[in-house]
Amino acid sequence: MNPYILATLLFGLGLGTTVTFASSHWLLAWMGLEMNTLAIIPLMAQHHHPRAVEATTKYFLTQATAAAMLLFASTTNAWLTGQWDIQQMAHPLPITLVTLALALKIGLAPVHSWLPEVLQGLDLTTGLILSTWQKLAPFALLLQIQPASPTILIAFGLASTLVGGWGGLNQTQLRKILAYSSIAHLGWMILVLQFSPSLTLLTLLTYFVMTFSTFLVFKLNKSTSINMLATSWAKTPALTALTPLVLLSLGGLPPLTGFMPKWLILQELTKQDLAPTATLAAMSALLSLYFYLRLSYAMALTMSPNNIAGTTPWRLQHAQFTLPLAITATATLLLLPLAPAVAALLVL
């Protein structure tokens with residue numbers, strides 16, 4: 001892609017999210033979301049592959065549906081209350097519609113089925129943008145319309161953690177596994193959204209860091225399926241040793257960074273007398289952990305058949321820039337000792 005066009009599209013992505021962040025009026029927020037969608041579509045379709053075009057079409061239709069629903073909900077709210085202000089959502093009908101529209105935007109269960117299909121059709125870089133940056137604007141709106149209906153949010157959250165766990169179990173494609181991982185993590189964020197918005201933001205931030213390092217690992221290895229991951233020991237032995245830890249952090253195992261948000265969320269849910277919800281969420285995390293372990297096993301504990309020529313690529317110099325991977329992988333593995341400080345800040 002022409003660098004000027006790429007720069008324009010990335011500027012459009014940033015601008016769309018910033019407009020939504022800065023807006024207090026529903027029309028302006030909707031406009032920011034539309035700018036965001038229109039900027040990422042050329043990035044998704046840039047490879048002119050039938051899969052990419054199909055994924056782009058699915059994404060466009062889904063986002064257009066969600067945007068239309070959001071516009072309808074905000075118009076309904078203005079009709080019922082005379083307010084266009086985002087924080088003046090008083091009537092339950094528009095609140096429910098907006099929550100549903102934003103759930104469709106970010107891919108929460110039960111309106112999640114577009115996400116694995118779309119992510120599977122994209123290259124890893126665009127997939128990374130879709131899994132991280134594209135979640136920011138809808139999350140900003142979800143945080144602003146609190147207090148939303150608590151029952152709906154908890155239902156969405158539990159459904160997402162369960163679907164994210166179950167859905168990834170029989171997948172062999174890494175991008176689909178990461179899509180289900182994204183759905184499960186979003187479920188955890190939504191569960192605690194109404195009780196502690198700052199904890200939701202912490203979870204979102206740690207999810208971004210962990211997903212960033214996972215995508216960069218797969219990009220460095222040029223892996224898109226579990227079988228391709230199994231040959232990575234010959235290409236990057238040091239990274240192959242570290243990657244299982246990154247994946248286990250994504251699964252939420254102590255003593256890695258990914259344990260911190262899950263631990264704090266379970267604690268918060270228990271404080272709110274939602275012990276059954278917390279138990280169900282913790283059990284669903286085991287499902288996700290299984291497929292992260294599968295990836296770790298394929299990568300570090302199996303040796304794929306290799307001839308002498310196949311074991312030499314690791315000696316060659318890598319052309320890719322690895323500093324972002326080094327930074328995010330370090331953050332993914334080593335930030336758990338900051339948990340007491342984070343917990344103290346969340347109380348303030």
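Residues numbered from 1 in each chain as written. Predicted model: local features only at pLDDT ≥ 70, side-chain atom pairs only at ≥ 80, totals over all residues. Heavy atoms only, no water.

A. View of the UniProt feature "transmembrane region" (unreviewed entry) in the chain. With numbering aligned to this structure, UniProt lists the feature "transmembrane region" (unreviewed entry) at residues 60–80, 92–115, 151–170, 177–195, 201–221, 233–254, 274–293 and 325–347. Split by type, residues 151–170 is 90% helix and 0% strand. Its first and last C-alpha atoms lie 30 Å apart. (UniProt positions renumbered as here; feature names shortened; annotations may be inferred. Helix = DSSP H or I, 4+ residues; strand = E, 2+ residues; numbered from the N terminus.)

B. Representation of helix α8 (residues 150–168) within the structure. Over its 19 residues, α8 extends 27 Å from the first C-alpha to the last, a length consistent with the 27 Å expected when each residue adds 1.5 Å. Within α8, the full set of buried residues consists of Leu 153, Ile 154, Phe 156, Gly 157, Leu 158, Ser 160, Thr 161, Gly 164, Gly 165, Gly 167 and Gly 168. Those residues of α8 hidden inside the fold are in contact with α4 (92–106), α9 (174–192) and α15 (275–300). (Expected span 1.5 Å × (residues − 1). Buried < 20%, exposed > 50% of the residue type's maximum accessible area, 1.4 Å probe, protein only. Contact = heavy atoms within 4.5 Å.)

C. Expanded view of the domain arrangement of the chain. By domain assignment, the chain separates into domain 1 (1–148) and domain 2 (150–310 + 325–347). For domain 1 and domain 2, the distance between their C-alpha centres works out to 23 Å. Summing the contributions of domain 1 and of domain 2, the shared interface buries around 2,800 Å²; its carbon and sulfur component is 80%. Looking only at domain 1, the three residues that lose the most surface to domain 2 are Gln 120, Leu 124 and Phe 139, adding up to 23% of its buried area. Joining domain 1 to domain 2, the criterion identifies one salt bridge. The residue Glu 117 makes a salt bridge to Lys 176 at a minimum N-O spacing of 3.4 Å. Mapped by element, the contributors of at least two residues to the side of domain 1 that touches domain 2 are α4, α5 (114–120), α6 (124–131) and α7 (133–144). (Domains from an automatic or database assignment. Buried area = accessible area lost by both parts, 1.4 Å probe. Salt bridge = Lys/Arg side-chain N within 4 Å of Asp/Glu carboxyl O.)

D. Structural detail: the packing of aromatic side chains. Applying the stated rule across the entire model yields four aromatic pairs. For the ring pair Tyr 59 and Trp 114, a centre distance of 5.7 Å and an interplane angle of 55° mean the geometry is tilted. Highlighted residues: Tyr 59 in helix α3 (residues 50–81) and Trp 114 in helix α5, separated in sequence by 55 residues. Look at Trp 114 and you get buried, because its relative accessible area is 8%. When the centroid spacing of 5.0 Å and the interplanar angle of 55° are considered together, the rings of Phe 291 and Tyr 292 count as tilted. Considered together, Phe 291 and Tyr 292 belong to a single accessibility category, that of buried residues. (Phe/Tyr/Trp six-rings, centres within 6.5 Å; stacked < 30°, edge-to-face > 60°.)

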